[in-house]
Each structure stands twice: as C-alpha cells, then as structure tokens.
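Reading the structure
Each chain, letter by letter, is given below.
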Amino acid sequence: MSWGFLRDILSGVNKYSTGIGRIWLAIVFVFRLLVYVVAAEHVWKDEQKEFECNIRQPGCENICFDHFFPISQIRLWALQLIMVSTPSLLVVLHVAYRESREKRHKMKLYKTPGSMDGGLLCTYLISLIFKTGFEIGFLVLFYKLYGGFNVPRLVKCDMRPCPNTVDCYISKPTEKKVFLYFVVVTSCLCIVLNVSELSYLIFKYTIKCYLERYNKKVQTMKSECQKLKYVDPAETASTALFHSNASPVLDRKKFILY
Amino acid sequence: MDWGTLQAILGGVNKHSTSIGKIWLTIMFIFRVMILVVAAEEVWGDEQNDFVCNTLQPGCKNVCYDHFFPISHIRLWALQLIFVSTPALLVAMHVAYRRHEKKKQFRKGGQTCEFKDIEEIKSQRFHIQGPLWWTYTSSIFFRLIFEALFMYAFYFMYNGFRMPRLVKCNAWPCPNTVDCFVSRPTEKTVFTIFMIAVSGICILLNVAEFCYLLIKVFLKKPVFFFF
C-alpha cells in the first residue's frame, strides 16, 4: 500500500473526466505526487534529529519541536494529497452503480454508463466542490499552523523544561520554504482548474437545457400550425352558416393562423 | 509512485516522436534518471549529517548548511527532470484528443473504411504535421527553456559547478568566521559535472530536433505550410 495505489485508483477516474479534469489529474500526478515522492519527502527526513536547540537540558528540544511542529508539514502535505484526490472516487462509484443497475434490470437504461448527464453530472459537480473545499481548507490550515508559509531559521522557545528562552534552529529552512511555496502554487492552480471546470459544466448544461426547452416549444408551435393548415374549408363555411352569430374574435383568429 | 510513472507517460509519447526525440528520451532515462536514483542519491544521502563545522556552538552547523546549500543538488536535479519531461505531456494530450475524435467518428460510422476496429485507432501512429507539429515544436521549445533555466539556477546558486572542500561561514549564531567541511566534495563534483554534461547534450539534441523540424517543414511546403 503506497502512493501507487492512489495513482491506480485515480487513473480510472480519467475515463469519466472532462478535458479540464484530465489536466487537473496530470498536474496532481506529475507536480504534486511525483515531486512529493522523489524530492520533498527527503527534505523532511531527519527533521527532528537535525532540530537543534542551544541548551543541554534534556527534553527541551523535544518539547520545543513538538510546540513548533504539532504536525509535520510533509505529513500535512500527504493528507492534503489524499483528501483532494478522494472526491473523484465518487464519480467512479456512481458509474459502477449505473453499470450494476443495467446488469440487474438486464436492459439499457443509459446512453452509456459513463455519459455525463442527470445524476452523474450532479455527482461530478459535488466532487468538484469537495475537491475545492479541501484544497482551500488545507491551505488555510497550513497558514494558521505555521504562521504563514515561511520557515524561519531560528525559533525562540520558552516551554518547560527549558530553563529560559532558548534559541532553536530548524534544519534546511530555505529548502523547506521552497517546497512549501511549491505546494501553495500547485494548490492554487488546482483550485483555479476546479472552479473553471465547475463554471464550464454549469454553463454548458444550462445552455443545453435552455436550447432543449426552446426547441421543444418551437416543435409544438410548428405541429399546431400544421394541424390548423389542414382544416377542411367546407367545414369552416358550414360552421359559419350554422353559427350565424359567430364571434368576430373567432373569425379574426382563423385569418391570423393562416 | 516514482520515476516509473514518468517513464510510462513519456514512453507513450515516444511512438510519435522523431528519431532525435527517441534518442533524447533514452539519454534522459539512462543517463539522468537512473544515475540520479542509483548513484547520486547515495552520494548526497547524509549530506547534512556529515557537514561538519569547527565549532561547538549549537545551531551554527544548521545555519551554515542552509546558507551554502539553499536547495540540495539532488532536489534541484529531480525538479529539473520533472519540469523538462512535462512538455511531452502536451504532445500526449494532443494525441489522446485526436484519438478520442477518431473513436467518436468511428462509432458514428463516418469513416468505417479507414479502420477495422477501435484497437487499430489506439495503436495508430500520428505523423508530426499540422497542429501536432505546433504542439511538438512548442514542447521542444519549453524543454529548452526549462533546461537552460535550471542550468543557470545551478550556476547562480553554487557559483559554478565545483563543490568546495571547505566553506567559511560567519552567519549568526556562529561566534566568528567558522570553517565548515563538506562531505565527499570530489565525488559530488564528479557527479555534478556529469549531470551538467548530460544536460548540455540534451540541450544540443533538443536544438537539433527543433532545427530538423523547421527545416523539414520549410523544405516540404515553403509558402503554403501555414494555410
């Protein structure tokens, strides 16, 4: 069980995504997952061992490290990657549900189980909203936990059992800062892609709905016109004679409809 | 999830590349990715642990290491390889889009005589012409830009490509100018020069491929290409 598992699951989502969704997937794989595994993980490898405080008091370093890094940035990044990728599974589950329904009823219920309409469209939109929500949530968490996206060289710690305010030095702060900025930039890019995909889908299907309704209206009007064109002229004359006090409105209507 | 994923993605693009492109891809994976994974990572493995400063002042080593190595060579190479491989994704996406269009046409029944089945569409090789030419050429252009940018960043950050044995550091909290010793400087210099040389060869191959594509197109249709 490793990142390869997530990659295999997400590759299945690719089939049911829009073009923007596929770009999002490529960015997640290449610029986030791959960078995390081949580069970023090693930067934070010995972070506690290399965290050094200017004191010999046992326990002071441990307490200070725990105070400044309640959860390590790299672990938060990993959680973010998992949470942000998971809503896409909703779409895969929905398609699997549709396929099982078709099998159960032994007839074709949908154009194709993966076609983006009705319920599947709603699921896709919900997954986009969740993805965006998680991205923003994690960025805010990063910001709040570490006081911005900066990694300082030196932090001052005065927790017990440190006897007074002690200087503690973080290892590789510049490299960690560079990777944090990388996380922020790729996150923002993914948020922009998700929001554009959401807008594009809502816009496309609203226009489609509108056009369908408009076409239906035009079709019904056309068929009414056709019906009225083929009324027997003799019949109209006889009804006019029979109803000598036929309303002038009705007569006017006849002339208008032709 | 590792370099194998990148290899799988780029391997798909290989089918539609020129011969120079195929040579570039081979050099990328054998002389850069493999060397990075198999050898270079071992050399830089414990770089901070073995970085020793001639002082007992706590924190001095951390600060001096951070000052002289803002980003480790290994990470910079990993990022360079990822960024340089990414333009090929543009070509992969373009090819996937064209295949998707052909599959749609095939399903509608428009061009049934051209392909026997969908499997043939999947394994079809696209020639580099028309819009694909533009995508392919742009991808080579971006590759060149990224390679050059990273080479420059390397040179700028480390003042050349040599790894010194000794660096003098006077960043606070070091009490005065302190001698710090880099671990395995010669081995690191050797690998740095090797990686830079291979980068240079890749740049030359990209430039050659770029010129080849331009010449091929202008010789075929000198005036009417753009219409």
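Residues numbered from 1 in each chain as written. Chains lettered and ligands numbered in written order. Predicted model: local features only at pLDDT ≥ 70, side-chain atom pairs only at ≥ 80, totals over all residues. Heavy atoms only, no water.

**Quick notes on the overall build of chain A**
Applicable threshold: Strands are runs of DSSP state E lasting at least 2 residues, helices are runs of H or I lasting at least 4, and numbering of each runs from the N terminus. Burial classes: relative accessible area under 20% of the type maximum marks a residue as buried, over 50% as exposed, and values in between as partly exposed (1.4 Å probe, protein chains only). Contacts are residue-level and defined by heavy atoms, with any inter-residue pair within 4.5 Å sufficient. Exposure was quantified through the Shrake-Rupley algorithm and a 1.4 Å probe, taking into account, for residues, occlusion by the shown protein chains and nothing else.
Along its length, chain A carries nine helices and three strands. For chain A, the α and β elements follow one another from N to C terminus as α-α-β-α-α-α-α-β-β-α-α-α. Within chain A, the fraction of its 258 residues that count as buried is 40%. The long-range fraction of contacts in chain A, counting pairs at least 24 apart against all pairs at least 6 apart in sequence, stands at 75%. Element-wise, carbon and sulfur atoms account for 64% of the exposed surface of chain A, whose accessible area totals about 15,400 Å².

**Some points on the interface of chain B and chain A**
We apply this condition: A quick way to say it: buried area is the sum, across both parts, of accessible area lost when two parts are put together, with a 1.4 Å probe. The working definition used for a salt bridge is a side-chain nitrogen of Lys or Arg within 4 Å of a carboxyl oxygen of Asp or Glu. Gly is placed with the polar residues, together with every amino acid not listed as nonpolar (Ala, Val, Leu, Ile, Met, Phe, Trp, Tyr, Cys and Pro) or charged (Asp, Glu, Lys and Arg).
Facing 32 residues of chain B, the contacting portion of chain A comprises 35 residues. Carbon and sulfur atoms make up 65% of the area that chain B and chain A hide from each other, which totals about 2,900 Å². Put simply, chain B and chain A have two salt bridges between them. Note that E175 of chain A and R75 of chain B form a salt bridge whose closest N and O atoms lie 2.7 Å from each other. Contributions of two or more residues to the side of chain B that touches chain A are made by α1 (3-14), α3 (60-68), α4 (73-85) and α5 (87-108) of chain B. In terms of residue class, the side of chain B that touches chain A is built from 18 nonpolar, ten polar and four charged.

**Description of the packing of aromatic side chains**
Residues and elements named next belong to chain B. Heads up, the rule is: Working definition: a ring pair exists when centres of Phe, Tyr or Trp rings (six-membered ring for Trp) sit within 6.5 Å. Plane angles under 30 degrees give stacked, over 60 give edge-to-face, the rest tilted.
Counted under the stated rule, the structure contains 25 aromatic pairs over all chains. Where F154 meets F161, the ring centres are 6.5 Å apart and the plane angle is 50°; that geometry is what we call tilted. Note on F161: relative accessible area 27%, which makes it partly exposed. Three or more aromatic residues joined by ring pairs make a cluster, and in this case those are W44, F51, Y65, F69, W77, F154, Y155, Y158 and F161.

**Notes on the nonpolar core**
Just so we agree on the cut-off: For this analysis, a nonpolar core means a set of buried residues of the types Ala, Val, Leu, Ile, Met, Phe, Trp, Tyr and Cys, connected via side-chain atoms within 4.5 Å.
Among the nonpolar cores identified, the biggest contains 116 residues, and F51, W77 and F179 of chain A together with W3, L36 and F51 of chain B are the most heavily contacted of them. For this core, the element with the highest residue contribution is helix α2 (residues 19-43) of chain A, accounting for 16 residues. Not counting chain neighbours up to four residues away, the residues in contact with F51 of chain A comprise E61, C64, F65, F69, V155, C168, Y169 and I170 of chain A.

**Some details on the side chain of K131 of chain A**
Residues and elements named next belong to chain A. Operational definition: In this tally Asp and Glu are treated as negative and Lys and Arg as positive; neither His nor the chain ends contributes.
Counting through the fold element by element, K131 comes out in helix α6 (residues 118-146). In this structure, K131 is buried with no salt-bridge partner, the nearest side chain bearing the opposite charge being E197 at 5.1 Å. For K131, the residues in contact, after removing those within four places along its chain, are W24, V84, P87, S88 and N194.

**A closer look at the state of the cysteines**
Residues and elements named next belong to chain B. The following threshold applies: Disulfide assignment relies on a single distance test, namely cysteine sulfur atoms paired within 2.5 Å.
Tallied over the full model, the rule gives six disulfides over all chains. Each sulfur of the disulfide joining C60 and C174 lies 1.9 Å from the other. Here the disulfide of C60 and C174 is right-handed, its torsion about the S-S bond being about 100°. Of this pair, C60 sits in helix α3 while C174 sits in the loop between β2 (166-169) and β3 (178-181); the two residues are 114 residues apart in sequence, bridging distant segments of the chain. For C174, a relative accessible area of 6% corresponds to the buried category. Taken in sequence order, the bonded cysteines of chain B link in the pattern 1-6, 2-5, 3-4. Ordering the disulfide-forming cysteines of chain A by sequence position, one finds them joined as 1-6, 2-5, 3-4.

**Some remarks on the side chain of S85 of chain A**
All names here are of chain A. Which entries qualify depends on this criterion: The definition of a polar contact used here is a pair of N or O atoms within 3.5 Å, where within protein one atom must be able to donate a hydrogen and the other to accept one, and adjacent residues in sequence count solely through side-chain atom pairs.
Within the secondary structure, S85 is located in helix α4 (residues 73-85). Of note is the side chain of S85, whose polar atom sits 2.5 Å from the backbone oxygen of L81. Not counting residues within four places of it along the chain, the set of residues in contact with S85 comprises L6, L10, W24 and V28.

**Regarding the UniProt feature "domain: Connexin cysteine-rich" (unreviewed entry) in chain B**
This is how it is decided: UniProt positions are given in the numbering used here, feature names are shortened, and annotations may be inferred rather than shown by experiment.
The feature "domain: Connexin cysteine-rich" (unreviewed entry), as given by UniProt, occupies residues 146-213 of chain B in the numbering adopted here. For residues 146-213 of chain B, the end-to-end C-alpha separation is 20 Å, with 62% helix and 12% strand making up the annotated structure.

**Some thoughts on empty space enclosed by the protein**
Any empty space left between atoms is shown by rolling a water-sized probe over those atoms. Residues and elements named next belong to chain A. The criterion, for reference: Grid points spaced at 1 Å and placed over the protein atoms alone form the basis of the search, with a cavity being a set where a 1.4 Å probe fits but cannot get out and a pocket an open set showing protein on both sides within 12 Å along at least five of seven lines. Lining residues have an atom within 4 Å of a point. Grid points are joined across faces, edges and corners, and a volume is the space filled by probe spheres set on the points.
This model, assessed by the stated rule, comprises four cavities of 30 Å³ or more. By volume, the largest cavity amounts to about 50 Å³. Lining the largest cavity are V13, S17, G21, W24, L25, S88, V91, Y124, S127 and K131. Breaking the lining of the largest cavity down by element, the ones donating at least two residues are α2, α5 (88-105) and α6. Partitioning the lining of the largest cavity into residue classes produces five nonpolar, four polar and one charged.

**Topic: the confidence of the model for chain B**
In plain terms, the rule: How sure the predictor is of each residue is captured by pLDDT, a score from 0 to 100.
Scored by pLDDT, chain B has a mean of 84; 90% of the residues are at 70 or more. Predicted complex, confidence summary: ipTM 0.77, pTM 0.79.

**A short note on the UniProt feature "domain: Connexin N-terminal" (unreviewed entry) in chain B**
Mapped onto this numbering, the UniProt entry gives "domain: Connexin N-terminal" (unreviewed entry) at residues 42-75 of chain B. The distance separating the terminal C-alpha atoms of residues 42-75 of chain B is 13 Å; by composition the span is 41% helix and 6% strand.

**So, the sheet that holds strand β2 (residues 154-157) of chain A**
Residues and elements named next belong to chain A. Using the following cut-off: Two strands make a pair as long as DSSP finds a minimum of two bridges between them.
Taken in spatial order, the three strands make up an open sheet running β1-β3-β2, and their pairing is antiparallel. If you trace the sheet from one side to the other, it starts and ends with β1 (52-53) and β2, each paired once. Of the pairings in the sheet, the one linking β2 to strand β3 (residues 166-169) comprises four bridges and is antiparallel in character. Residue V155 lies in a different strand from β3, and its bridge partner there is C168.

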